[in-house]
Amino acid sequence: MLAAQRRDLLLERLSRDGRIIAKDLAAELGISEDSIRRDLRDLAAAGLCQRVYGGALPVSPAIADYATRQHVEVSGKQRVAAAAAALIEPGSTAILDGGTTTLAVVRALPLDLRATVVTHSPTVASALAGHQDVEVYLIGGRLFKHSMVACGAAAVEAARGLHADLFLLGVTGVHPEAGLTTDDADEAAMKRALARQAADTYVLASSEKIGAASRFTVLPLADVAGVVTDAGSENATVRALSAPIIHAT
């Protein structure tokens, strides 16, 4: 089998099975595990998979630029946003992450909601301007343009003074083994800092993020109160997640 044929097969298996175990596929094809690993390195370099220990997982489409992500799984994000918005109770303090799904959460909030929102996203903060009874606190720092959020040491330090009822966390990948991941180390650190300041953290995960993985771990699934997703209960990956699932319909 030519290298190009092997890589096509790897992508087919990744799509079908949701993961590749290098030693198993090498045994099936009767080739060396090193050959499979080289193929996976090439696919990862092309942005077609995410390498993990022992093999690879699907790469998340949520690592695309902000403008592109605004047009990815729009209806799914809206369903997730509606379910997540219902978690913000009147009188509560909520931390909102950045990203396109969180922006959809803001649009799903009742205009007469009385609450306090803390965010490190200027886009999210601006979208709350029409909510007259929502007190908005904006955390500053270095602007990470991929998600339009503040990151870095100054932003992490500012987060340490917070105490919130819940944190709505955006990630690019949700996987039973890889946990919750994103594609930037500083952004992952900022998300962890915000999660530490909230009583409960809920993950916003439209279906394209379920079963996918990115380079940097944010949190293990055991550390969150629930995963809000539009992926159905028949989804094998959803069934394998250790966190409680809130189905968005």
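I will try to describe carefully the structure that is included in this document. (Residues numbered from 1 in each chain as written. Predicted model: local features only at pLDDT ≥ 70, side-chain atom pairs only at ≥ 80, totals over all residues. Heavy atoms only, no water.)

Some words on the sheet that holds strand 4 (residues 93-96)
Alright, step 1. Spatially, seven strands are ordered 6-5-4-9-12-14-15 in an open sheet, and the strand pairing comes out parallel. The sheet terminates laterally at strand 6 (134-138) and strand 15 (245-247), the two strands that pair on one side only. Direction aside, neighbouring strands of the sheet carry axes that sit 25° apart on average.
Alright, step 2. Looking at chain direction, strand 9 (residues 164-170) and strand 12 (residues 198-204) are connected through six bridges and run parallel. What sits directly across from Gly170, in strand 12, is Leu204. (Pairing = 2+ DSSP bridges. Helix = DSSP H or I, 4+ residues; strand = E, 2+ residues; numbered from the N terminus. Axes fitted to C-alpha atoms, helices over the stretch in contact; angles between N-to-C directions.)

Focus on unusual backbone geometry
Alright, step 1. The backbone of Met148 sits at a positive phi, close to 55°, despite the residue not being glycine.
Alright, step 2. Considering the arrangement of structural elements, one finds Met148 in the loop between strand 7 (142-144) and strand 8 (149-151).

Here we look at helix 1 (residues 3-17)
Alright, step 1. With 15 residues, helix 1 should cover 21 Å at 1.5 Å per step; its first-to-last C-alpha distance of 21 Å lies within 8% of that length.
Alright, step 2. What helix 1 keeps buried is the set Arg6, Leu9, Leu10, Arg13 and Leu14. Along the axis of helix 1, the buried residues cluster in a sector spanning 140°; they form a single face. Opposite the packed face of helix 1, turned more than 90 degrees from it, sit the exposed residues Asp8, Ser15 and Arg16.
Alright, step 3. Turning to helix 1, the residues buried within the fold contact strand 1 (20-21), helix 2 (22-29), helix 3 (33-45) and strand 3 (55-57).
Alright, step 4. A positive phi of about 80° marks Gly18, the residue just after helix 1. (Expected span 1.5 Å × (residues − 1). Buried < 20%, exposed > 50% of the residue type's maximum accessible area, 1.4 Å probe, protein only. Arc of directions from axis to C-beta. Contact = heavy atoms within 4.5 Å.)

A short note on the layout of surface pockets
Alright, step 1. In this model, the largest pocket occupies a volume close to 310 Å³.
Alright, step 2. Around the largest pocket, the lining comprises 20 residues; the ones closest to its centre are Gly18, Pro58, Ile210, Gly211 and Thr237.
Alright, step 3. Only helix 1 and helix 10 (236-240) provide two or more residues apiece to the lining of the largest pocket.
Alright, step 4. In terms of residues, the lining of the largest pocket owes the most to one element, helix 1, which gives four residues.
Alright, step 5. Looking at the lining of the largest pocket residue by residue, the classes come out as nine nonpolar, six polar and five charged. (1 Å grid on protein atoms, 1.4 Å probe; cavity = no way out; pocket = protein on both sides within 12 Å on 5 of 7 lines; lining within 4 Å. Points joined across faces, edges and corners; volume = space filled by probe spheres on them. Nonpolar A, V, L, I, M, F, W, Y, C, P; charged D, E, K, R; others polar.)

Comments concerning the pattern of salt bridges
Alright, step 1. Considering all chains together, one arrives at 14 salt bridges under this definition.
Alright, step 2. By sharing partners, the salt bridges in this structure join Arg6, Arg7, Asp39 and Asp42 into a single network. (Salt bridge = Lys/Arg side-chain N within 4 Å of Asp/Glu carboxyl O.)

Brief notes about the packing of helix 1 against helix 3
Alright, step 1. Closest axis-to-axis distance for the helix 1/helix 3 pair is 10 Å, and the angle between their directions is 75°. Judged on the interaxial angle alone, helix 3 and helix 1 are roughly perpendicular. Judged by residue contacts, Arg6, Arg7, Leu10 and Leu11 of helix 1 engage Ser35, Ile36, Asp39, Leu40, Asp42 and Leu43 from helix 3.
Alright, step 2. Partitioning the contact of helix 1 with helix 3 into residue classes produces five nonpolar, one polar and four charged. (Parallel < 35°, antiparallel > 145°, perpendicular 65-115°, else oblique.)

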